[in-house]
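Commentary on secondary and tertiary structure
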Amino acid sequence: MRFPKAFLWGAATAAYQIEGSPLADGAGASIWHRFSHTPGTILNGDTGDVACDHYHRWQEDIEWMRRLGLNAYRFSVAWARVLPTGRGVVNQKGLDFYKRLVDGLLRAGITPMITLYHWDLPAELQDLGGWANRDCAKWFADYACLMFRALGDRVPLWATLNEPWVVMALGYLWGQHAPGMRDIGAAAKAGHHMLLAHGKAVQAFRAESIPNAQIGIVTNLGPQQPASDSPQDQMVATLWHNFINRYFLDPIFHGEYPDTIINFIGEFAPKVAPDDMRIIQTPIDFLGVNYYTRNVLAYDASDPIGSRTVHQEGKLYTEMGWEVYPEGLYEILKWVQAEYGDIPIYITENGAAFPDTPNAQGEVDDPLRVEYLKAHLEQAHRALHDGVPLKGYFYWSLMDNFEWAFGYSKRFGLLYVNFETQQRLMKSSGHWYAEFIAKQRS
Ligand code: IFM
């Protein structure tokens, strides 16, 4: 398996999941701070108050990245650190944190990729309706512009939003994520305004004419396959495919929502103003693909959505209950290329949670994650070999962290984190990845 010399080998994180100290140095509260402090929302009552204490340990964490041999690192900026109320007055101390982090990465020879929105909307903006308010698109573009001006000279890769589908579905439709809403109308609005926010941010980026910097969006994708040839199973698989894989990408690349979903949601369909699709379609430089699993779907009349995921006998499942299906990475990358053309792609997330525990010698042996990594890299390589313009791979995650509604119960990291002592430890998967990267770069 030989990847191109310029390939980026990275790991990814997100602000609320690792930083801790969410209100330090003048930062405003985010919806995740508020949500995690609402009883009953997060497993074991966990919060991101301390998380991996990366806010104070970022230098040590860069050192770990160096030991892993990473040449890229994807992280997100907490909007409310920089703009405590989401707009208006800038919190210089918050901005300085990210400047120090970026400079530290560059000194270590690690290319930064910034995600501008990884789910932690400033709480004050939620009080105004959050993403369900159309103005949120403008607030986001203003914040994005501030970040381009502050760090555009040093950060070559920018992603507007992380997994807008998850925000829309889990945050506004099913209520498991912040802001915890269950409102189909608000969900459809939130989805549309995120697309608009993305488009406006890309326009702002272009207006800044930043040399040598690129912008894209990160979406969660995966094959949605029917459990049988029956027309009903095929129908639900098509529905899920349109919902998960096409709902955000069709507007960005084709300027329209998929009909299947628009018909399905009927009166709740987003209101698209005349100029919206032109803004949303502003060309991007790359697409970030987060791949974890596939869904095998069967029709089920007793389910509110009319479908259920069918367990695959004999297959390995992660702690998240996700089937390990490496071929799906190849399948989805080929599908993106066939559907949307030769857009450069980064695998911006791919990883697995397994029940890791240090042994008597204080080592964390995680052979399942090593296998997972290897198998997915093989599929990435296969896609590259078959003509997919793949530019880099970011493992999720650099270290164990706050896994949203699951708190600290799911460990995805290449680094094991002892949340009592904040000690980091390289798992065998970290050692494996480091060796793999070293071979690639030799
Ligand atoms: O931890 C998350 C991340 O924030 C977004 N993508 C999926 C990961 C695992 O659930």
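On a predicted model such as this, the values are computed, not experimentally measured, just so you know. (Residues numbered from 1 in each chain as written. Predicted model: local features only at pLDDT ≥ 70, side-chain atom pairs only at ≥ 80, totals over all residues. Heavy atoms only, no water.)

A separate point is unusual backbone geometry. Of note, the bond from Ala178 into Pro179 is cis; its omega dihedral lies within 30 degrees of zero at 5°. For Pro179, the location among the structural elements is in the loop between α8 (164–173) and α9 (184–208). Positive phi, close to 60°, is recorded for Asn44, a residue that is not glycine. Position of Asn44 among the secondary structure elements: in the loop between α2 (31–36) and α3 (54–68). (Helix = DSSP H or I, 4+ residues; strand = E, 2+ residues; numbered from the N terminus.)

A few words now on the pairing of strand β10 (residues 345–349). By the criterion of burial, β10 is predominantly enclosed, with five of the five residues buried. Relative to β10, strand β7 (residues 286–290) runs parallel, the two being bridged by four bridges. Looking at β10, one finds that Gly288 is bridged to Tyr346. Note: β10 against strand β11 (residues 390–396), three bridges, orientation parallel. (Buried < 20%, exposed > 50% of the residue type's maximum accessible area, 1.4 Å probe, protein only. Pairing = 2+ DSSP bridges.)

Taken in spatial order, the three strands line up as β6-β8-β9 in an open sheet, and their pairing is mixed. Pairing within the sheet leaves two strands with one partner each, and these edge strands are β6 (224–226) and β9 (307–309). Adjacent strand axes in the sheet meet at a mean angle of 40° when their direction is disregarded. The pairing of strand β8 (residues 295–299) with β9 spans three bridges and is antiparallel. (Axes fitted to C-alpha atoms, helices over the stretch in contact; angles between N-to-C directions.)

The next subject is the layout of surface pockets. In this model, the largest pocket occupies a volume close to 1,200 Å³. In this structure, the largest pocket is lined by 44 residues; those nearest its centre are Trp165, Leu170, Thr293, Asn295 and Trp322. Listing elements by their share of the lining of the largest pocket, those giving two or more residues are α8, α10 (231–246), β8 and β9. Looking at the lining of the largest pocket, its residues break down into 21 nonpolar, 16 polar and seven charged. Its boundaries defined by the atoms lining it, the second largest pocket holds a volume of some 310 Å³. Contributing to the lining of the second largest pocket are 14 residues, with Leu173, Ile184, Phe243, Phe264 and Ile265 lying nearest its centre. Mapped by element, the contributors of at least two residues to the lining of the second largest pocket are α8, α9, α10 and α12 (259–265). Its residues placed into classes, the lining of the second largest pocket shows 14 nonpolar, no polar and no charged. (1 Å grid on protein atoms, 1.4 Å probe; cavity = no way out; pocket = protein on both sides within 12 Å on 5 of 7 lines; lining within 4 Å. Points joined across faces, edges and corners; volume = space filled by probe spheres on them. Nonpolar A, V, L, I, M, F, W, Y, C, P; charged D, E, K, R; others polar.)

Now for the side chain of Arg81. Residue position: Arg81 is located in helix α4 (residues 79–82). Arg81 gets classed as buried once you look at its relative accessible area, which sits at 3%. Setting aside chain neighbours within four positions, we find Arg81 in contact with Glu19, Gly20, Ser21, Pro22, Ala24, Ala27, Tyr55, Asn91, Gly94 and Tyr98. (Contact = heavy atoms within 4.5 Å.)

With 14 residues, helix α14 (residues 327–340) should reach 20 Å at 1.5 Å per residue; the first-to-last C-alpha distance of 20 Å fits that figure. Buried within α14 we find Gly328, Leu329, Tyr330, Ile332, Leu333, Trp335, Val336, Gln337 and Tyr340. In this fold, the buried residues of α14 make contact with α10, α11 (249–254), β7, β10, α15 (367–385) and β11. Just downstream of α14, Gly341 is the residue with a positive phi angle, here 90°. (Expected span 1.5 Å × (residues − 1).)

Taken together, Gln17, His118, Trp119, Asn162, Glu163, Tyr292, Trp322, Glu349, Trp396, Glu403, Trp404 and Phe412 are the residues near the ligand. Glu163 is positioned such that a nitrogen or oxygen atom in its side chain is 2.8 Å from a nitrogen atom of the ligand. For the ligand, whose unbound accessible area comes to 280 Å², protein coverage reaches 95%. Because more than half of its atoms lie within 2 Å of the grid, the ligand is assigned to the largest pocket. Of the residues in the shell around the ligand, the class split is six nonpolar, three polar and three charged. (Near = heavy atom within 4 Å. Polar contact = N/O pair within 3.5 Å; in protein donor to acceptor, adjacent residues only side chain to side chain. Areas by Shrake-Rupley, 256 points an atom, 1.4 Å probe, with all protein chains shown as cover. Sits in = over half its atoms within 2 Å of the grid points.)

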